[in-house]
Amino acid sequence: MSFLKSISVAALMASPTTVLADWNGWYGGVTAGSVSSPEFEITSGDGADVDLEDTTSLGAFFGRVTQTNNTVFGFEIEVTNMPDMTGTFDVFSVEHSAVTLDLKARLGYAFGQVLPYAVLGVTSYDFENDLITEDFEQAGLSFGVGVDFLVTDNLFIGAEYLARRAEGTVEIIGENLEITHESSIDSLSVRAGFKF
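Residues numbered from 1 in each chain as written. Predicted model: local features only at pLDDT ≥ 70, side-chain atom pairs only at ≥ 80, totals over all residues. Heavy atoms only, no water.

## Considerations on the pattern of salt bridges
Two side chains with opposite charge may pair up if their charged atoms get near one another. Enumeration over the complete set of coordinates arrives at 10 salt bridges. Residue K104 is joined to E76 by a salt bridge in which the shortest nitrogen-to-oxygen separation is 3.0 Å. Taken together, the residues K104 in strand β8 (residues 99-109) and E76 in strand β5 (residues 71-81) connect sequence positions 28 residues apart. A relative accessible area of 3% places K104 in the buried class. The class for E76 is buried, based on a relative accessible area of 1%. The partner of R106 in a salt bridge is D148, and the shortest N-O contact between them spans 3.1 Å. Remark: D148 occurs in strand β10 (residues 136-150) and R106 occurs in strand β8; sequence separation between them is 42 residues. Take D148: its relative accessible area is 2%, and that puts it in the buried class. Here the salt bridges share partners, and the residues they tie into one network are E76, E78, K104, R106, D148, E160 and R191. (Salt bridge = Lys/Arg side-chain N within 4 Å of Asp/Glu carboxyl O. Helix = DSSP H or I, 4+ residues; strand = E, 2+ residues; numbered from the N terminus. Buried < 20%, exposed > 50% of the residue type's maximum accessible area, 1.4 Å probe, protein only.)

Here it is in structure tokens:
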């Protein structure tokens, strides 16, 4: 073996290698975070914009991912409690019902123990109000990005930004009136989970 080949082999043996973690399987965990600048809007008639109060969030998630080489994809269900998200306009006030349901598809690319990913899904929640008896029920899209870090073979921590854009319609019985409404709720949360 020539001197140059010997040097090349020695350099390859000495260079650090990244061990690809195993992300496959079912997992579950909890989240905690904050909700900033949420908005609610009535889009029918004269319309009304309501700036909602910022709040904190607590939630739980459960999902499954499949890994092919570095590509990781799967789904996740998250239930989040967002209390005290209230807002007032001239003639009415609204209050978030606190519980938000998100069904998310996940696609990521693993770098060893680190998994950055994107999410796209559907969301649903509702607002109570003092204008009519029916709640303002809303459904729409959720999308965002996040990153998880595998601390051990089964334990991981991470962070996720999720934007929710939802809308709905409510009919006032006997008034022949239909109210359309929409909202935006963005959250930033930290995550801790366990692979089963």
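## Let's talk about the packing of aromatic side chains
Using the criterion set out here, one finds 12 aromatic pairs in the structure. Note on F40 and F136: the rings are 5.3 Å apart at their centroids and 35° apart in plane angle, and the pair reads as tilted. With a gap of 96 residues between them, F40 in strand β2 (residues 39-42) and F136 in strand β10 connect regions that are remote in the sequence. Given a relative accessible area of 1%, F40 falls into the buried group. Aromatic ring contacts, followed pair by pair, group W26, F62, F75, F194 and F196 into a single cluster. Between the NZ or CZ atom of R106 and the centre of the ring of Y117, over which it lies, the distance is 3.9 Å. Against the face of F61 rests R191, its NZ or CZ located 4.2 Å from the ring centre. (Phe/Tyr/Trp six-rings, centres within 6.5 Å; stacked < 30°, edge-to-face > 60°. Lys NZ or Arg CZ within 6 Å of the ring centre and 35° of its normal.)

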